[in-house]
Amino acid sequence: MKIIAANWKMYKTTQEVESYLKSWSHFETASPQQVTSVFFVPNWCWSTMQSNSPLLNNSQWGAQNIYPQNEGAFTGENSPHVLKQMGASWTLVGHSERRTLINESNSFLGQKIKSAQGNQLNPLLCVGESLPERELGQLQAKLTEQLSTGLSLADKSLPVYIAYEPIWAIGTGKVAGPQDILEAHSLIHAYLKNDMLFKGPIYVLYGGSVKPENAKEILSIKGVDGLLVGGASLAPDSFYKICQAAI
Ligand code: PGA
């Protein structure tokens, strides 16, 4: 089973989401055994996703960020408990844009993972290196640091969901080469299985300038268990083509 996820970032009004979901509902979706499609939507669209859930077919949805607590004096933050109550089943954790713009630390992200799991939400932890880090040969060290601290409080019996997104390939049109992707995905799979001893299934998605034209090739690389798609997920037909590439 492959996971194909859409990251809508800070795009789309509620009206645009409604019309997207209407188009989406006309597509014949694959069975969830073949592909699980997930929409990571902006916060103001949670209730739109909830009220239009019959249009989702087999697809699931989630938030782009949660706070580690379910309620309290945390102005502007998102409650994982409420998210779950509204019908979501996922949350992104530690997208590189939040790590860079909002300075989210690995240990803070670790608390979010624990809280997501405690609320029966699947956390998709984003990891990846910058171009200077790759050029300095720091890929393995960087991934290990992000995974070890980010997953330090995670339940080892549950499935693990990771998105490998090299920062230099996000929104730039530069896709990592097959060798780059193979290397990173192999490192992540090996580390989670051998060093962190996760017992459940492990899914490692690739993200960074994925399009309908390159999706099939990327999905054929060993250790790529799905895709996280930004720009090319904003139109339903383009995202649908990417989902079809997984079948
Ligand atoms: P992109 O974004 O597909 O536009 O490169 C991916 C992401 O940021 O998750």
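Everything below is about the structure shown above.
Residues numbered from 1 in each chain as written. Predicted model: local features only at pLDDT ≥ 70, side-chain atom pairs only at ≥ 80, totals over all residues. Heavy atoms only, no water.

Student: Just checking my understanding: could you explain the environment of Asn70 for this structure?
Tutor: Mapping Asn70 onto the fold places it in the loop between strand E3 (60-63) and helix H3 (80-85). For Asn70, a relative accessible area of 34% gives the class partly exposed. Taking the C-alpha atoms as reference points, Asn70 and Ala116, separated by 46 residues in sequence, lie 9.7 Å from one another. If we ignore the near neighbours within four places in the chain, the residues touching Asn70 are Ser79, Pro80, His81, Ser115 and Asn119. (Helix = DSSP H or I, 4+ residues; strand = E, 2+ residues; numbered from the N terminus. Buried < 20%, exposed > 50% of the residue type's maximum accessible area, 1.4 Å probe, protein only. Contact = heavy atoms within 4.5 Å.)

Student: Whenever I open this one, the layout of surface pockets confuses me. Can you help?
Tutor: Vacant regions in the atomic arrangement are exposed by a probe of water-molecule size rolled over the atoms. Here the largest pocket is characterised by a volume of approximately 440 Å³. Along the walls of the largest pocket sit 17 residues, with Lys9, Met10, Gln64, Arg98 and Ile102 positioned nearest its centre. Here the lining of the largest pocket gets three residues from one element, more than from any other, and that element is helix H4 (residues 96-101). Here the residues of the lining of the largest pocket sort into six nonpolar, seven polar and four charged. (1 Å grid on protein atoms, 1.4 Å probe; cavity = no way out; pocket = protein on both sides within 12 Å on 5 of 7 lines; lining within 4 Å. Points joined across faces, edges and corners; volume = space filled by probe spheres on them. Nonpolar A, V, L, I, M, F, W, Y, C, P; charged D, E, K, R; others polar.)

Student: Is there a simple way to think about the site of the ligand in this case?
Tutor: Close to the ligand lie 13 residues; Lys9, His95, Glu165, Gly171 and Ser209 are nearest. Ser209 places a polar main-chain atom, nitrogen or oxygen, 2.8 Å from an oxygen atom of the ligand. In isolation the ligand exposes 280 Å². Once the protein is present, 94% of that is buried. In this structure, the ligand is accommodated by the second largest pocket. (Near = heavy atom within 4 Å. Polar contact = N/O pair within 3.5 Å; in protein donor to acceptor, adjacent residues only side chain to side chain. Areas by Shrake-Rupley, 256 points an atom, 1.4 Å probe, with all protein chains shown as cover. Sits in = over half its atoms within 2 Å of the grid points.)

Student: How should I be thinking about the packing of aromatic side chains in this particular structure?
Tutor: Both the distance between ring centres and the angle between the ring planes are used here to describe each pair of aromatic rings. By the definition in use, this model includes 16 aromatic pairs. A centroid spacing of 5.7 Å and a plane angle of 85° characterise the contact between Tyr20 and Phe39, whose relative ring orientation is edge-to-face. Here Tyr20 is found in helix H1 (residues 14-26), whereas its partner Phe39 is found in strand E2 (residues 35-41), with 19 residues between them in sequence. Assessed through its relative accessible area of 3%, Tyr20 is described here as buried. Within the aromatic cluster, the residues linked to one another by ring pairs are Trp8, Tyr20, Trp24, Phe27, Phe39, Phe239 and Tyr240. Between the NZ or CZ atom of Lys12 and the centre of the ring of Trp8, over which it lies, the distance is 5.5 Å. A cation sits over an aromatic face here: Lys156 above Phe198, 5.3 Å from the ring centre. (Phe/Tyr/Trp six-rings, centres within 6.5 Å; stacked < 30°, edge-to-face > 60°. Lys NZ or Arg CZ within 6 Å of the ring centre and 35° of its normal.)

Student: Where do I start with empty space enclosed by the protein in this structure?
Tutor: Within the structure shown, the criterion is met by two cavities of 30 Å³ or more. Computed from the structure, the largest cavity encloses a volume of approximately 80 Å³. Around the largest cavity sit Trp24, Thr29, Ala30, Val35, Ser37, Asn58, Ser59, Tyr240, Cys243, Gln244 and Ile247, which together line it. Among the elements of the structure, E2 and helix H10 (236-244) are those that each provide at least two residues to the lining of the largest cavity. When residues of the lining of the largest cavity are assigned to their parent elements, the largest contribution, three residues, is made by H10. Class assignment of the residues belonging to the lining of the largest cavity gives a composition of six nonpolar, five polar and no charged. Estimated volume of the second largest cavity: approximately 50 Å³. Lining the second largest cavity are Ile113, Gln117, Pro123, Leu125, Leu151, Ala154, Pro159, Val160, Tyr161 and Phe198.

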